[in-house]
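Structure at a glance
So you can see what is in the structure, the chains are spelled out below.
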Amino acid sequence: MATSILTRTLLTRCQRVASSSSLAAALRQTTRRGLSTYYTPAHEYIKVEGTTGTVGITDYAQAALGDIVFVDLPEVDNEFAKGDSFGSVESVKAASDVYAPVGGKVVEHNSSVVDDPALVNAAAETDAWFIKLEISDPEELKGLMDEAAYKKHCEKEA
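The shown structure was predicted, so the numbers you read here are calculated from the model rather than taken from an experiment.

Reading the values: rules and limits
Residues numbered from 1 in each chain as written. Predicted model: local features only at pLDDT ≥ 70, side-chain atom pairs only at ≥ 80, totals over all residues. Heavy atoms only, no water. Helix = DSSP H or I, 4+ residues; strand = E, 2+ residues; numbered from the N terminus. Buried < 20%, exposed > 50% of the residue type's maximum accessible area, 1.4 Å probe, protein only. Contact = heavy atoms within 4.5 Å. Areas by Shrake-Rupley, 256 points an atom, 1.4 Å probe, with all protein chains shown as cover. Pairing = 2+ DSSP bridges. Axes fitted to C-alpha atoms, helices over the stretch in contact; angles between N-to-C directions.

This brings us to the overall build of the chain. In terms of regular secondary structure, the chain is built from 6 helices and 9 strands. Relative to its 158 residues, the chain shows a buried fraction of 45%. In the chain, of all internal contacts separated by at least 6 residues, the share reaching a separation of at least 24 is 64%. Summed over its atoms, the accessible surface of the chain is roughly 7700 Å², and 49% of this surface lies on carbon and sulfur atoms.

The strand order 4-6-7 describes an open sheet built from 3 strands, whose pairing is antiparallel. This sheet does not close on itself; its edge strands, each paired only once, are strand 4 (68-72) and strand 7 (95-99). Pairs of neighbouring strands in the sheet enclose a mean axial angle of 20°, with direction left out of account. With 4 bridges joining them, strand 4 and strand 6 (residues 85-91) adopt antiparallel strand pairing. Residue pairing for strand 6: Val71 is matched across the bridge by Val89.

Rendered as structure tokens:
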């Protein structure tokens with residue numbers, strides 16, 4: 001049920017923001033950093049540098065959820081397959097699982113978002129990343145959306 005609430009909320013949010021320039025600004029910022037960033041239809045992102053992926057939820061996901069009050073993350077060395085739930089996010093509106101965009105081993109988690117969940121609302125795609133994964137199969141990235149496809153995805157949901 002939490003997932004369906006999140007999906008409906010995200011659809012509504014995407015409708016409101018698809019025409020705004022905030023997505024374009026976020027995409028330009030990512031490109032400037034020289035990282036390859038990929039997105040899931042459920043609004044998780046993975047920023048890939050070498051064989052390590054930094055995973056979190058997109059700005060649109062945090063905006064749809066509202067004020068984040070709790071973040072649960074896995075321990076270092078936990079392993080996840082693509083699509084596995086690795087944590088959860090709770091807000092004043094809803095709770096949602098967060099899924100691994102690719103398989104891999106957790107090499108770091110961001111304790112800052114556990115200690116201060118509101119950081120996700122302030123910096124979802126920068127300082128408020130959730131985990132860093134050692135990617136087990138880089139081929140899985142091919143099943144994700146790039147920045148342009150993600151923008152179109154949000155526009156279609158609008």
